[in-house]
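For reference, the chains in residue letters:
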Amino acid sequence: MSTAHPAQDRRPGRHPISVVAHRGASEDAPEHTLAAYRKAIEDGADALECDVRLTADGHLVCVHDRRVNRTSNGRGAVSALELADLATLDFGSWKEPGSANGTPGLRYANEAPDLRYEDPERTSVLTLERLLELVADADRRVELAIETKHPTRWAGQVEERLVELLGRFGYTKPAMSADSTPPVRVMSFSARSLHRLRAAAPGIPGVYLMQFLRPRYRDGRLPVGVGIAGPGIRILRSHPEYVAKAHQAGHQVHVWTVNEPADVELCQALGVDAVITNRPKQVRMQLGLG
């Protein structure tokens, strides 16, 4: 079987691949913490990716899993906890130096307890509002790719609260020109979620995430009103022709989660528009971007 990559995309006017920090620079710092996102900005990431969930008292927080068990020292569903409850939890020590692959309970086996991280930027739950403030304070343009998690007990309230918050930061205003790219986009595996966002804020681009390439989308089409495809890297390994088909249909292609050098090379050869990675610094270096 041939392992040769397709010819590199050299279409005139093509921009460099955008490097998106997956949950921040999550290989170097605890995912979804302020420290991870600060590191991603320092590393030159073009955009920051985050997952959002709604707490019991209506706050959007950056947490991937439905439950907090994996990434904190607490237990329970995010949707059943209030922000004050989440604020008491440690969301970072599981990834302290000395841990075994981030396994809780094995950290700092040979160190005194007072040497553990106490930096709140590494351990505190992060609200989307605080992340938006970080981006607003950056000394350069940093885009945001926000994933709404579904299914959820809060249904459309997640999108409603998201649009409200983005509006406060000016992200729901019409584009200044037809050529300007909005700095925020919303991603989801749920076409219904993207439809809700488009109805409430038509100026915010949607990204349709795909874990598998369903037959109805193999020709490059996407759900109505969605302009960006979000295939997992496994799809590109099995169906490299998909990128060209999506481009021919007028769509961008943002690929997740691209960490290995061979996968970065594949994405570059296929001409994808963005790669979402835990390693923004290393990927930028491989792409010759810094």
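Our subject is the structure that appears above.
Source: prediction; values computed, not measured. (Residues numbered from 1 in each chain as written. Predicted model: local features only at pLDDT ≥ 70, side-chain atom pairs only at ≥ 80, totals over all residues. Heavy atoms only, no water.)

## Let's talk about the overall build of the chain
A tally of helices and strands in the chain yields 10 helices and nine strands. Counting all 290 residues of the chain, 50% fall into the buried class. Expressed as a percentage of contacts within the chain between residues at least 6 apart in sequence, the contacts between residues at least 24 apart total 60%. Of the roughly 14300 Å² of accessible surface on the chain, 49% is carried by carbon and sulfur atoms. (Helix = DSSP H or I, 4+ residues; strand = E, 2+ residues; numbered from the N terminus. Buried < 20%, exposed > 50% of the residue type's maximum accessible area, 1.4 Å probe, protein only. Contact = heavy atoms within 4.5 Å. Areas by Shrake-Rupley, 256 points an atom, 1.4 Å probe, with all protein chains shown as cover.)

## Description of helix H1 (residues 34–42)
The complete set of buried residues in H1 reads Leu34, Ala35, Ala36, Tyr37, Ala40 and Ile41. Tucked inside the fold, the buried residues of H1 contact strand E1 (18–22), strand E2 (47–54), helix H3 (120–123) and helix H4 (128–137). Where H1 ends, the next residue or the one after it, Gly44, has phi of about 90°, a positive value.

## A look at the pattern of salt bridges
Summed over the entire model, instances satisfying the criterion amount to 20 salt bridges. Notably, a salt bridge pairs Lys39 with Asp43, separated by 2.9 Å at the nearest N-O pair. On the basis of relative accessibility, which here comes to 25%, the residue Lys39 falls in the partly exposed class. (Salt bridge = Lys/Arg side-chain N within 4 Å of Asp/Glu carboxyl O.)

## As for the packing of aromatic side chains
Across all of its chains, the model carries two aromatic pairs by this definition. Between Phe189 and Trp256, the aromatic rings sit 5.7 Å apart at their centres with planes inclined by 85°, giving edge-to-face as the arrangement. Highlighted residues: Phe189 in the loop between strand E5 (184–188) and helix H6 (191–200) and Trp256 in the loop between strand E8 (252–255) and helix H9 (261–270), separated in sequence by 67 residues. Assessed through its relative accessible area of 37%, Phe189 is described here as partly exposed. Here the aromatic rings of Tyr208 and Tyr217 are separated by 5.4 Å at their centres, their planes lie at 65°, and the arrangement is edge-to-face. Here Tyr208 falls in the buried class, since its relative accessible area comes to 5%. (Phe/Tyr/Trp six-rings, centres within 6.5 Å; stacked < 30°, edge-to-face > 60°.)

## Side note on the pairing of strand E9 (residues 274–277)
Of the two faces of E9, both are covered, the one formed by Ala274 and Ile276 as well as the one formed by Val275 and Thr277. By the bridge criterion, four bridges tie E1 to E9 in an arrangement that is parallel. Among the inter-strand pairings, Val20 is bridged to a residue of E9, identified as Ile276. As paired elements, E8 and E9 share two bridges and run parallel to each other. Directly across from Val255, in E9, lies its bridge partner Val275. (Pairing = 2+ DSSP bridges.)

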